[in-house]
Structures are given as C-alpha cells and as structure tokens.
Amino acid sequence: MRARVVLYNPELKAILLIHRLKNERDYWVIPGSGTKNWETPIETTIREINEELKIKLLPEKLKQLIEIDDEVFFLTQTGQTKAPQISGEEKNARALKIFTSRLGLA
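Residues numbered from 1 in each chain as written. Predicted model: local features only at pLDDT ≥ 70, side-chain atom pairs only at ≥ 80, totals over all residues. Heavy atoms only, no water.

Asker: How do you make sense of unusual backbone geometry when you look at a structure like this?
Answerer: Phi is positive for glutamate 24, which is not a glycine, with a value near 60°. Positive phi is not limited to glycine here, since aspartate 69 has a value of about 50°. Note that aspartate 69 resides in the loop between strand E5 (63-68) and strand E6 (71-77). Judged by relative accessible area, which is 75%, aspartate 69 ranks as exposed. (Helix = DSSP H or I, 4+ residues; strand = E, 2+ residues; numbered from the N terminus. Buried < 20%, exposed > 50% of the residue type's maximum accessible area, 1.4 Å probe, protein only.)

Written out as structure tokens, the structure reads:
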C-alpha cells in the first residue's frame, strides 16, 4: 500500500509536487510513500511528509480523495508558499516546486 497527499495552498491555488530525475526519466509526483507493516495510510502520510518536507500534518485535516489499486490519495490545505528543502535518502534525486494551476479545489 502507498499513501500520497495533495498539499493544496488555497491562497496561491497551488499544489506541491516533487520533481524526479531518475533512470533517465524526468517526471513530477505527488508526495508520498509506501506504508510500513504496522502503519495505516494516514500514519504513513504524516510520517513521510514530516520526515521529507518538515511539514507537520494533523490526521483530522487529511481528507481521503480516492483509493486506486494499492494507492490512497489524501488532500489537505497548507499555508506553504515556497517549496521546502527536501531531506531523506533521495534528497539529491528530487526537487520541489509549487505548481500553480486552475485546479478547482477552492
């Protein structure tokens, strides 16, 4: 099982995405990770976003959007206006960006 979270800033009408350059591929992903054996998808989301982005999420603020196959997607709002510096084992493989678009999430 994997858990991902759409971090949405309503003021900027933007979401936070991770840019990956891996195996000669260049792509953007929604932040998230695989669950540990003992974790729920919400616990995974909270742990991973705190470890990698230093953003503290509250479980009651995470709204489940959809579950597809073995992935659960959550939505939460953030006041983050700049892409945070990433940490963790893949810190050199990823960059972060605030992606602004007309998403209709307001």
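Asker: Quick question: what am I supposed to make of the pairing of strand E2 (residues 14-22) here?
Answerer: Put simply, side chains in a regular strand alternate between the two faces of the sheet. The buried count for E2 comes to seven of nine residues, which makes it a mostly enclosed element. Across two bridges, the pairing between strand E1 (residues 2-9) and E2 is antiparallel. Its bridge partner being in E2, tyrosine 8 is matched across the sheet by isoleucine 15. Count of turn residues in the E1/E2 antiparallel hairpin: four residues, of which lysine 13 carries a positive phi of about 50°. Pairing of E2 with strand E3 (residues 25-29) involves five bridges; the strand directions are antiparallel. Residue pairing in the sheet places leucine 21 in a bridge with aspartate 26 of E3. With antiparallel pairing between neighbouring strands as the criterion, E2 and E3 make up a hairpin whose turn holds two residues, including asparagine 23 at a positive phi of roughly 50°. (Pairing = 2+ DSSP bridges.)

Asker: I keep staring at helix H1 (residues 41-53) and nothing clicks. Help me out?
Answerer: Because an α-helix completes one turn every 3.6 residues, residues spaced three or four positions apart along the sequence face the same direction. For H1, built from 13 residues, the straight-helix expectation of 18 Å at 1.5 Å per residue is met to within 8% by its first-to-last C-alpha distance of 17 Å. Of all the positions in H1, only Thr44, Thr45, Arg47, Glu48, Ile49, Glu52 and Leu53 are classed as buried. A positive phi of about 60° marks lysine 54, the residue just after H1. (Expected span 1.5 Å × (residues − 1).)

Asker: Help me understand a nonpolar patch on the surface, please; the structure alone is not making it clear to me.
Answerer: A surface patch of nonpolar side chains, about 260 Å² in accessible area, is lined by Leu65, Ile66 and Ile68. Its location among the elements puts isoleucine 68 in strand E5. In this structure isoleucine 68 comes out as partly exposed when scored by relative accessible area, which is 43%. (Patch = residues over 30% accessible without salt bridge, like charges linked within 9 Å, V, L, I, M, F, W, Y side chains within 5 Å. Areas by Shrake-Rupley, 256 points an atom, 1.4 Å probe, with all protein chains shown as cover. Salt bridge = Lys/Arg side-chain N within 4 Å of Asp/Glu carboxyl O.)

Asker: How should the nonpolar core be read in this particular structure?
Answerer: Where a protein is soluble and globular, its nonpolar side chains tend to be buried together. Counting residues in each nonpolar core, the largest one holds 11 residues, listed as Ala3, Val5, Leu7, Leu16, Ile49, Leu53, Ile55, Leu57, Leu62, Val72 and Phe74. Of all elements in the fold, only E1, H1 and E6 reach the threshold of two or more residues within this core. A total of three residues in this core trace back to one element, the largest contributor, which is E1. Sequence-distant contacts of leucine 7, defined by excluding residues within four places in its chain, comprise Ala14, Ile15, Leu16, Pro31, Ile49, Leu53, Ile55, Leu57, Thr76 and Thr78. In terms of nonpolar packing, the next biggest core, distinct from the first, is built from five residues, Val6, Tyr8, Leu17 and Leu75 among them. (Core = buried A, V, L, I, M, F, W, Y, C linked by side-chain atoms within 4.5 Å. Contact = heavy atoms within 4.5 Å.)

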